[in-house]
Amino acid sequence: MKVRFTPALFAHAETLLGQLLNFDHPADAVVSRYFREHRQLGHADRGFVAETVFAVLRRGRSIEARCADNLSDRRRLLVALLVVRGWNLRELAPVLKAGEEAWLSSVAAFDESALSPAVRCDLPDWLYERLLTSFTADAIPVLAEALNRPAPLDLRVNTLKTDRQALLAQLAEAGIAAQPGAWSPLAVRLRDKPALAKHPLFLGGAFEVQDEGSQLLGLLVEAKRGEMVVDFCAGAGGKTLLLGAQMRNTGRLYALDVSERRLSKLKPRLARSGLSNVHPVRIEHERDQKVKRMAGKVDRVLVDAPCSGLGTLRRNPDLKWRQDAASIAELTAKQTNILAAAATLLRPGGRLVYATCSLLAEENERIVDAFLAAHPAFRLVPAEQVLARQGVAVSGDMLHLLPHLHDTDGFFAAVLEKQNG
Ligand SMILES: C[S@@+](CC[C@H](N)C(=O)[O-])C[C@H]1O[C@@H](n2cnc3c(N)ncnc32)[C@H](O)[C@@H]1O
């Protein structure tokens, strides 16, 4: 749908950007609140405003460099439209003021090659430096380019209600263009971004919205019928729902989280899904008595740990500006403690999957390596073997999903098994 580009619409983007650049709340929450407060904005207007302010968040450093001494929220937006979204001066004309056309022509001719690599990649210096410990200097711009693009919309078919082929046929009938995902046998990728919240297929529980990479983390658990399974950091239950369906709605699946607010978002999703084997449990912290009571009894545990979320920059570009070395250090301490506590739940022979949506080695393999060094009863099971059994061809002992290689969000996962005896 083509938007009617007017000074009034542009002013909405400017006001919203001003709020976002305070960085005091997550960008998606600020955007949702703004749209709730401005209900007169239709679907296309919202799409324009959200995509344009997100373009500024994604490409903030190079946009600032182009603006140089002329920096303002208005100019950030004009540069984002011209350089990031590829609008031309004729398309921008309805909002341009005197002198801005000439200024934008000089901005378009700006030579980025003199900028530092971190600025060219639109990454903060601390993050660029850390990525250099895992990626080559040639790979980081390719990774950054993928992270700076909007994510596609993926669905996970609910196998309790339907199968992928049937869902694809129903979506086609409803005029929604879709294709099977490239990796997950449960995934459907949509061509566009239709509003789905009121769609009968969604309300009937045929699918949930879930990035294809996130689905692979759930598949690594290989939860089976009749088992006792714990989703230790369940949040709003994106992965809980997949685990419950894998268990064919049998056994017991505990959805733990410290946040009542997040767990409460699981309730309507459970109702749609048709699952009745899920038990949401609010815990105070990872050493809660409710956790201790399950020690040694559980077949499988998923630890989808709280993390920097830097693998999700396609959706949450503000995260790179809202974190620093100190917040990462706090997270790694938390991840270490949660993993150690969650591991106590397993029976001998049981399996734990440690997962994050981070790109940083210190939140990922370093946490797992330290855990294995301190817990000789555990061994690493090659992730590629577990996925190959389910028809997924991704290589690596530990799973690294990357937007520039897999066209998913960035994810990490390791499968750990507790030895018998
Ligand atoms: C990455 S999110 C989980 C997302 C969720 N698994 C999903 O697929 O939608 C991490 C979750 O860990 C929770 N968390 C933080 N500290 C925790 C702790 N000590 N024990 C259990 N959960 C915790 C957070 O509230 C958050 O919901």
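This one's a predicted model, so the numbers in the text were calculated from it and none came from an experiment.

Asks: Hey, could you run me through the overall build of the protein chain in this one?
Replies: Across its full length, the protein chain carries 21 helices and 12 strands. Taken over C-alpha atoms, the radius of gyration comes to 23 Å for the protein chain, in line with the 22 Å a tight globule of 421 residues would show. With the C-alpha coordinates of the protein chain rotated into their principal frame, the extents come out at 75 × 50 × 40 Å. Within the protein chain, the fraction of its 421 residues that count as buried is 53%. Taking the contacts inside the protein chain whose residues are at least 6 apart along the sequence as the reference set, 72% of them involve residues at least 24 apart. For the protein chain, the exposed surface amounts to about 18200 Å²; the carbon and sulfur share of it is 52%. For the protein chain, the separation between the mean place of its 55 positive charges and that of its 48 negative charges on side chains is 6 Å.

Asks: Help me understand the UniProt feature "binding site: S-adenosyl-L-methionine" (unreviewed entry) in the protein chain in this model?
Replies: The feature "binding site: S-adenosyl-L-methionine" (unreviewed entry), as annotated in UniProt, sits at Asp257 and Asp304 in this numbering. Annotated residues spanning 48 residues; largest pairwise C-alpha distance 10.5 Å, indicating a single compact cluster. When its relative accessible area of 8% is taken as the criterion, Asp257 is described as buried. The contacts of Asp257, once residues within four sequence positions are left out, are Phe232, Cys233, Ala234, Gly235, Leu263, Val281, Arg282 and Ile283. Of the polar contacts made by the side chain of Asp257, one reaches the backbone nitrogen of Gly235; its length is 2.7 Å. Within the element layout of this structure, Asp304 appears in strand β8 (residues 298-304). When its relative accessible area of 18% is taken as the criterion, Asp304 is described as buried. Apart from residues no more than four positions distant in its own chain, Asp304 is found in contact with Cys233, Lys239 and Ala355. Among the polar contacts made by the side chain of Asp304, one reaches the side chain of Lys239 at a distance of 2.7 Å.

Asks: Explain the packing of helix α1 (residues 7-20) against helix α2 (residues 27-37) to me, please; I cannot follow it from the model alone.
Replies: Axes are the key here: two packed helices are described by the angle between their axes and the distance separating the axes. Put simply, α1 and α2 touch, their axes get as near as 10 Å, and they point 140° apart. Between α1 and α2, the angle is such that the two are oblique. Considering only the axes of α1 and α2, their crossing is right-handed. Touching His12, Thr15, Leu16, Gln19 and Leu20 of α1 are Ala27, Val30, Val31, Arg33 and Tyr34, all from α2. Counted by class, the contact of α1 with α2 contains 6 nonpolar, 3 polar and 1 charged residues.

Asks: How do you make sense of the site of the ligand when you look at a structure like this?
Replies: Around the ligand, the surrounding shell holds 16 residues, and the nearest of these are Lys239, Asp257, Arg262, Glu286 and Asp304. In this structure, Gly238 approaches the ligand through a main-chain N or O atom, which is 3.2 Å from an oxygen atom. Between Arg262 and the ligand, the recorded distance is 2.5 Å, taken from a side-chain N or O atom to an oxygen atom. Grouping the amino acids of the shell around the ligand by side-chain chemistry returns 8 nonpolar, 3 polar and 5 charged.

Asks: Looking at this structure, I do not really get unusual backbone geometry. What am I missing?
Replies: Phi is mostly negative for residues that are not glycine, and the peptide bonds are mostly trans. The backbone of Asn249 shows a phi angle near 65°, a positive value even though the residue is not glycine. Along the chain, Asn249 falls in the loop between α14 (238-246) and β6 (252-257). The exposure class of Asn249 is partly exposed, given its relative accessible area of 24%. The phi angle at Asp407 is positive, at roughly 55°, despite the residue not being glycine. Counting through the fold element by element, Asp407 comes out in the loop between α21 (403-406) and β12 (411-418). For Asp407, a relative accessible area of 36% corresponds to the partly exposed category.

Asks: Mind showing me how you'd approach the pattern of salt bridges here?
Replies: Where charged atoms of side chains with opposite charge meet at close range, the side chains can pair. Using the criterion set out here, one finds 29 salt bridges in the structure. The residue Asp122 makes a salt bridge to Arg59 at a minimum N-O spacing of 2.8 Å. Here Asp122, found in the loop between α8 (117-120) and α9 (125-131), pairs with Arg59, found in the loop between α3 (43-58) and α4 (60-67); they are 63 residues apart in sequence, far enough to count as distant. Owing to a relative accessible area of 0%, Asp122 belongs among the buried residues under this scheme.

Asks: Quick question: what am I supposed to make of empty space enclosed by the protein here?
Replies: This model, assessed by the stated rule, comprises 1 cavity of 30 Å³ or more. A volume near 50 Å³ is recorded for the largest cavity. As for the largest cavity, its lining consists of Arg156, Asn158, Phe202, Gly205, Phe207, Glu208, Arg269, Arg272 and Ser273. Counting only elements with at least two residues in the lining of the largest cavity, the list comes to β4 (207-209) and α16 (266-273). Here the element with the most residues in the lining of the largest cavity is α16; it accounts for 3 residues. Tallied by class, the residues present in the lining of the largest cavity amount to 2 nonpolar, 3 polar and 4 charged.

Asks: Whenever I open this one, the domain arrangement of the protein chain confuses me. Can you help?
Replies: Buried accessible area, meaning the area lost when the parts come together, often serves as the stated size of an interface. One can read the domain layout of the protein chain as domain 1 (7-115) and domain 2 (212-418). The straight-line distance from the C-alpha centre of domain 1 to that of domain 2 is 36 Å. Taken together, the contact pairs 11 residues of domain 1 with 9 residues of domain 2. Counting the surface lost from both domain 1 and domain 2, the interface buries some 790 Å², and carbon and sulfur atoms represent 57% of this. Of all residues in domain 1, the largest losses of buried area upon contact with domain 2 belong to Phe23, Leu57 and Arg58, amounting jointly to 56% of the total for that side. Here domain 1 and domain 2 share 0 salt bridges between them. When contributions to the side of domain 1 that touches domain 2 are tallied by element, the ones reaching two or more residues are α2, α3 and α4.

About the cut-offs
- Residues numbered from 1 in each chain as written.
- Predicted model: local features only at pLDDT ≥ 70, side-chain atom pairs only at ≥ 80, totals over all residues.
- Heavy atoms only, no water.
- Helix = DSSP H or I, 4+ residues; strand = E, 2+ residues; numbered from the N terminus.
- Rg over C-alpha atoms; globule rule 2.2 N^0.38 Å.
- Buried < 20%, exposed > 50% of the residue type's maximum accessible area, 1.4 Å probe, protein only.
- Contact = heavy atoms within 4.5 Å.
- Areas by Shrake-Rupley, 256 points an atom, 1.4 Å probe, with all protein chains shown as cover.
- Lys, Arg positive; Asp, Glu negative; His and termini not counted.
- Charge placed at Lys NZ, Arg CZ, Asp CG, Glu CD.
- UniProt positions renumbered as here; feature names shortened; annotations may be inferred.
- Polar contact = N/O pair within 3.5 Å; in protein donor to acceptor, adjacent residues only side chain to side chain.
- Axes fitted to C-alpha atoms, helices over the stretch in contact; angles between N-to-C directions.
- Parallel < 35°, antiparallel > 145°, perpendicular 65-115°, else oblique.
- Left-handed = near helix turned anticlockwise from the far one by under 90°.
- Nonpolar A, V, L, I, M, F, W, Y, C, P; charged D, E, K, R; others polar.
- Near = heavy atom within 4 Å.
- Salt bridge = Lys/Arg side-chain N within 4 Å of Asp/Glu carboxyl O.
- 1 Å grid on protein atoms, 1.4 Å probe; cavity = no way out; pocket = protein on both sides within 12 Å on 5 of 7 lines; lining within 4 Å.
- Points joined across faces, edges and corners; volume = space filled by probe spheres on them.
- Domains from an automatic or database assignment.
- Buried area = accessible area lost by both parts, 1.4 Å probe.

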